[in-house]
2 protein chains.
Amino acid sequence: MITLSDVAKKANVSKMTVSRVINHPGQVTDELKQLVFAAMKDLDYRPNVAAKALANNRSQVIKFFILEDIDTTEPYYMNLLFGIAKGLDEKQYALQLVTSRNYDLGNSDGYIITGARAKDQEWLDRLEKPAVVFGENRYGYDFVDTDNKQGTTMATEYAIAKNYQSLVFIGIDVKEAFEYSREAGFINTMQQHQMIPKIYRMANHSHLSEQFINDNWQKFARNTAFICASDRLAIGIVRGLAHHDAAIPNDFGVFGFDGVFLDQVSNPKLATVKQPIQEIGRLCARMLLQKIAQSGSPQGELLVTPELVIRDSMRK
Amino acid sequence: MITLSDVAKKANVSKMTVSRVINHPGQVTDELKQLVFAAMKDLDYRPNVAAKALANNRSQVIKFFILEDIDTTEPYYMNLLFGIAKGLDEKQYALQLVTSRNYDLGNSDGYIITGARAKDQEWLDRLEKPAVVFGENRYGYDFVDTDNKQGTTMATEYAIAKNYQSLVFIGIDVKEAFEYSREAGFINTMQQHQMIPKIYRMANHSHLSEQFINDNWQKFARNTAFICASDRLAIGIVRGLAHHDAAIPNDFGVFGFDGVFLDQVSNPKLATVKQPIQEIGRLCARMLLQKIAQSGSPQGELLVTPELVIRDSMRK
DNA sequence: TTGTATGCGTTATCAA
DNA sequence: TTGATAACGCATACAA
């Protein structure tokens, strides 16, 4: 194993100079810096993460809490995880995956948290190390999320532009910020176009939205578009419509939200608001590492613009 | 932070005794052990992972390589990951997620690898640290996997018991061990019942199996069951059959394989061979940690029995 | 700007 | 069976 000392010897400097080249390059003359860089490259030096962690009183580990039930877990967590892993990797951090609140909080430098609901506030407040939340919240926790409001705004604008006469929002029946924002995007856009926003809410299961169409089929005239708060709900709507031999997308449009996996499983494939989940994961990691570097100072909120993906469930 | 020394002081012993109680309890008298345990509990001692790693010349990190393309990634990787994370956690190991072969192999104590195909053999051979593979292989790499042969055996037996007269296997068109095993389970069982095994193969996409049914619809008499090598293929078969208004499960049965997510998205829901993916992940982790502890000695193969889940696509 | 000495928490070695 | 000491690789404080 190549250590700092080996590099120092090779470059004819002390190991502190090498350490400084890595951590405080401004304090070293360019001349020495060149020598040290050359030696590091020659020897293919790789810093020892454990030693660095010990000396810094750090662990180089962050814990990722998924507070939702795993079985109901959305496939997009996989992408989130990839993004986080990449972001952490850039700074030689490793990951610990946690699925329970009553978990050892030690041996880590900070937390990324997802699936946090309003009831988790107390728990979040007790956390002693820097934390970043994935998912909009209105309690002041630093977070990264898709710009949910912008997402439904874009979808609604699209549906209006494609001349669907009546728009219906199918929301998720939870009192959470992401849902409020998605509804707000819909409502505001409708009002701007002087159209009446109609909203129905239900739990996030495709069989419920499918049932909803079956129960209310007669209520919806041709030329209606359903803007859904999730791809899961959208899939159910598509199924319900198909069951009544409705023409998609000509007579009825369906817009999903998420754009991870489910949209492509649907038949016909879903138009959807695609969240850049992997990018968000990476940003979560970066935000947390920066927060750690700044000994916990607030990072605010970061909203990432989603992308409209137009597929067979909407007019083109 | 509570350290070994703190515990030692409290228990009136040297820190080496405390260290031994943790790592080599056999070398310490019961009397002292009690004292030390009491002190550890009193002070809520948590070992410092970084220090342990440094002293042992370890990193307490393992890397998880996913060699498949992320976009085509099956949602079951999420469950695999959870299992691995839990298994690692038991020994205070953290995780690094990697998606590229040309990756830094340093700063880790071992590797768990998935998505490895035959062409990856050379790369696998060059690995210098202990590795465990998720997924059957016939090149002698230690692995954990579902008992694929047993899975299709169970499914085939079930279909025969439910009096489907003709059975067709829809396989994945790859030259990989898991596929051979799944086919073998089907073939052997058919032969035992003196039935003719028919096999078709295609790439693992639902639209291909759907197309397959459309192209070959006239070939399949009523009372046929399709045993599929994946839920993805099974979904396409179901769709193709539905397109011809076939009665499922009365006239046609469909059996999937995997039992992670996709089976429940299908409509009707799929009967499937459910792999205990999370458990497999945990076993991968345990196998690797044991291999590390045994300085790399071979661990052999571990096949885990899957579970038949009977749902609406097969007679009950 | 550069170098020396010391400590981070743990474990292995060796002596008692 | 137990304890003292050194060592793991790096970074901070301080001296030069």
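This one's a predicted model, so the numbers in the text were calculated from it and none came from an experiment.

Chemist: Is there a simple way to think about the overall build of chain A in this case?
Modeler: For chain A, the helix and strand inventory stands at twelve helices and twelve strands. For 316 residues, the compact-globule estimate of 2.2 N^0.38 gives 20 Å, and chain A exceeds it by more than 25% at 25 Å. Viewed in the frame of its principal axes, chain A has a C-alpha envelope of about 85 × 40 × 35 Å. For chain A, the proportion of its 316 residues judged to be buried stands at 54%. Nonlocal contacts in chain A, meaning residues at least 24 apart in sequence, comprise 71% of its contacts between residues at least 6 apart. About 14,300 Å² of surface is accessible on chain A, with carbon and sulfur atoms providing 47% of the total. Distance between charge centres in chain A, computed from 36 positive and 37 negative side chains, equals 4 Å.

Chemist: Whenever I open this one, the packing of helix 4 (residues 49–56) of chain A against helix 4 (residues 49–56) of chain B confuses me. Can you help?
Modeler: When two helices pack together, their arrangement is given by the angle between their axes and by how far apart the axes lie. In the contact formed by helix 4 of chain A and helix 4 of chain B, the axes pass within 8 Å of each other and the chain directions differ by 135°. Considered as vectors, helix 4 of chain A and helix 4 of chain B are oriented oblique to each other. Every pair of crossing elements has a handedness; the one defined by helix 4 of chain A and helix 4 of chain B is left-handed. Every residue of helix 4 of chain B that contacts helix 4 of chain A at A:Ala50, A:Ala51, A:Ala53 and A:Leu54 is listed here: B:Ala50, B:Ala51, B:Ala53 and B:Leu54. Of the residues contributing to the contact of helix 4 of chain A with helix 4 of chain B, the split by class is eight nonpolar, no polar and no charged.

Chemist: I tried to follow the pattern of salt bridges on my own but got confused; where do I start?
Modeler: A side chain with one charge may pair with a side chain of the opposite charge, provided their charged atoms come close. What the rule picks out here adds up to 29 salt bridges over all chains. Of the charged contacts in the structure, one is a salt bridge between B:Asp120 and B:Lys119, with a shortest N-O distance of 4.0 Å. Sharing partners across several salt bridges, the network here consists of A:Glu90, A:Arg282 and A:Arg286.

Chemist: Would you mind showing me how to read the protein's contact with DNA strand D here?
Modeler: Taken together, 26 residues lie around DNA strand D, and A:Leu4, A:Met16, A:Tyr45, B:Thr17 and B:Arg20 are the ones closest in. Sugar and phosphate atoms represent 64% of those atoms of DNA strand D found within 4 Å of the protein. Taking A:Lys15, its side chain carries an N or O atom lying 3.3 Å from a base nitrogen of DNA strand D. Note that a base nitrogen of DNA strand D is positioned 2.5 Å from one of the side-chain N or O atoms of B:Arg20. Only helix 2 (15–23) and helix 4 of chain A together with helix 2 (15–23) and helix 4 of chain B provide two or more residues apiece to the surface near DNA strand D. Grouping the amino acids of the surface near DNA strand D by side-chain chemistry returns 13 nonpolar, ten polar and three charged.

Chemist: Honestly, the packing of helix 9 (residues 206–216) of chain A against helix 10 (residues 231–243) of chain A in this entry has me stumped. Any pointers?
Modeler: All names here are of chain A. Following both chains from N to C, one finds helix 9 and helix 10 inclined at 35°, their axes separated by 7 Å at the closest point. Relative to helix 10, helix 9 is oriented so that their crossing is right-handed. Along the contact surface, helix 9 presents Ser206, Ser209, Glu210, Phe212, Ile213 and Asn214, while helix 10 presents Arg232, Leu233, Ile235, Gly236, Ile237, Arg239, Gly240, Leu241 and His243. For the contact of helix 9 with helix 10, a count of residues per class yields six nonpolar, six polar and three charged.

Chemist: Even after reading the chapter, I still don't get the environment of A:Ala247, so can you show me in this structure?
Modeler: Of note, A:Ala247 is situated in the loop between helix 10 and strand 9 (252–258). Note: C-alpha distance between A:Ala247 and A:Ser313 (66 residues apart in sequence) is 9.7 Å.

Chemist: Help me understand the environment of B:Tyr164 in this model?
Modeler: All names here are of chain B. For Tyr164, the position within the fold is in the loop between helix 7 (148–161) and strand 6 (166–172). A C-alpha to C-alpha distance of 9.7 Å links Tyr164 and Met314, two positions 150 residues apart in sequence. Those residues in contact with Tyr164 that lie beyond four places of it in its chain are Ala159, Met195, Asn223, Thr224, Ala225, Pro249, Phe252, Gly253, Met314 and Arg315. From its side chain, Tyr164 meets the backbone oxygen of Pro249 in a polar contact 2.8 Å long.

Chemist: Any chance you could explain the UniProt feature "domain: HTH lacI-type" (unreviewed entry) in chain A here in plain terms?
Modeler: Under the feature "domain: HTH lacI-type" (unreviewed entry), the UniProt entry names residues 2–56 of chain A. Annotated as 71% helix and 0% strand, the span residues 2–56 of chain A places its first and last C-alpha atoms 20 Å apart.

Chemist: Please explain helix 3 (residues 30–43) of chain A as it appears in this structure.
Modeler: Residue pairs three or four apart in sequence face the same way in an α-helix, which turns once every 3.6 residues. For helix 3 of chain A, with 14 residues, the first-to-last C-alpha span of 20 Å sits near the 20 Å given by 1.5 Å per residue. Residues of helix 3 of chain A that are buried in the fold lie against helix 1 (4–11) and helix 2 of chain A.

Chemist: What is the right way to look at the relation of the copies chain A and chain B in this model?
Modeler: Put simply, the second copy of the chain is the first one after a rotation about an axis and a shift along it. Between the two copies, chain A and chain B, the superposition gives an RMSD of 0.1 Å; the rotation angle is 180° and the shift along the axis is 0.1 Å. Such a combination of turn and shift is consistent with a two-fold rotation axis. Both copies contact each other with a shared surface, as 98% of the interface residues of chain A are interface residues in chain B too.

Chemist: It is not clear to me how the pairing of strand 1 (residues 61–66) of chain A should be interpreted in this structure. Could you clarify?
Modeler: Two faces make up the sheet, and in a regular strand the side chains alternate between them. Residue and element names in this part refer to chain A. Among the six residues that make up strand 1, six are buried, leaving the element largely enclosed by the rest of the structure. Across the two faces of strand 1 the burial is the same, with Val61, Lys63 and Phe65 and Ile62, Phe64 and Ile66 all buried. Across five bridges, the pairing between strand 1 and strand 2 (residues 94–98) is parallel. Among the inter-strand pairings, Ile62 is bridged to a residue of strand 2, identified as Leu95. The sheet contact formed by strand 1 and strand 3 (residues 110–114) spans five bridges and is parallel. By the bridge assignment for strand 3, Ile62 is matched with Gly110.

Chemist: What am I meant to see in the domain arrangement of chain A here?
Modeler: When the parts of a complex come together, some accessible area is lost, and that lost area is often taken as the interface size. All names here are of chain A. Taken domain by domain, chain A comprises domain 1 (55–146 + 277–305) and domain 2 (148–275). Relative to domain 2, the C-alpha centre of domain 1 lies at a distance of 30 Å. Counting residues at the interface gives 16 residues for domain 1, matched by 15 residues for domain 2. Both sides of the domain 1 and domain 2 interface together cover about 1,300 Å² of buried area, and 48% of this is carbon and sulfur. Our enumeration of links across domain 1 and domain 2 arrives at zero salt bridges. Linking domain 1 with domain 2 are eight residue pairs in polar contact (both at pLDDT 80 or more), by the criterion used here.

Chemist: I tried to follow the protein's contact with DNA strand C on my own but got confused; where do I start?
Modeler: As a matter of local geometry, DNA strand C sits amid 26 residues, with A:Thr17, A:Arg20, B:Leu4, B:Met16 and B:Tyr45 nearest to it. Among the atoms of DNA strand C close to the protein, meaning within 4 Å, 62% are from sugar or phosphate groups. Between DNA strand C and the protein, one listed contact pairs a phosphate oxygen with a side-chain N or O atom of A:Ser14 at 3.1 Å. Within the side chain of B:Asn23, a nitrogen or oxygen atom sits 2.8 Å from a phosphate oxygen of DNA strand C. Mapped by element, the contributors of at least two residues to the surface near DNA strand C are helix 2 and helix 4 of chain A together with helix 2 and helix 4 of chain B. Looking at the surface near DNA strand C residue by residue, the classes come out as 13 nonpolar, ten polar and three charged.

Rules used throughout
- Residues numbered from 1 in each chain as written.
- Chains lettered and ligands numbered in written order.
- Predicted model: local features only at pLDDT ≥ 70, side-chain atom pairs only at ≥ 80, totals over all residues.
- Heavy atoms only, no water.
- Helix = DSSP H or I, 4+ residues; strand = E, 2+ residues; numbered from the N terminus.
- Rg over C-alpha atoms; globule rule 2.2 N^0.38 Å.
- Buried < 20%, exposed > 50% of the residue type's maximum accessible area, 1.4 Å probe, protein only.
- Contact = heavy atoms within 4.5 Å.
- Areas by Shrake-Rupley, 256 points an atom, 1.4 Å probe, with all protein chains shown as cover.
- Lys, Arg positive; Asp, Glu negative; His and termini not counted.
- Charge placed at Lys NZ, Arg CZ, Asp CG, Glu CD.
- Axes fitted to C-alpha atoms, helices over the stretch in contact; angles between N-to-C directions.
- Parallel < 35°, antiparallel > 145°, perpendicular 65-115°, else oblique.
- Left-handed = near helix turned anticlockwise from the far one by under 90°.
- Nonpolar A, V, L, I, M, F, W, Y, C, P; charged D, E, K, R; others polar.
- Salt bridge = Lys/Arg side-chain N within 4 Å of Asp/Glu carboxyl O.
- Near = heavy atom within 4 Å.
- Polar contact = N/O pair within 3.5 Å; in protein donor to acceptor, adjacent residues only side chain to side chain.
- UniProt positions renumbered as here; feature names shortened; annotations may be inferred.
- Expected span 1.5 Å × (residues − 1).
- Least-squares fit on C-alpha atoms with pLDDT ≥ 70 in both.
- Pairing = 2+ DSSP bridges.
- Domains from an automatic or database assignment.
- Buried area = accessible area lost by both parts, 1.4 Å probe.

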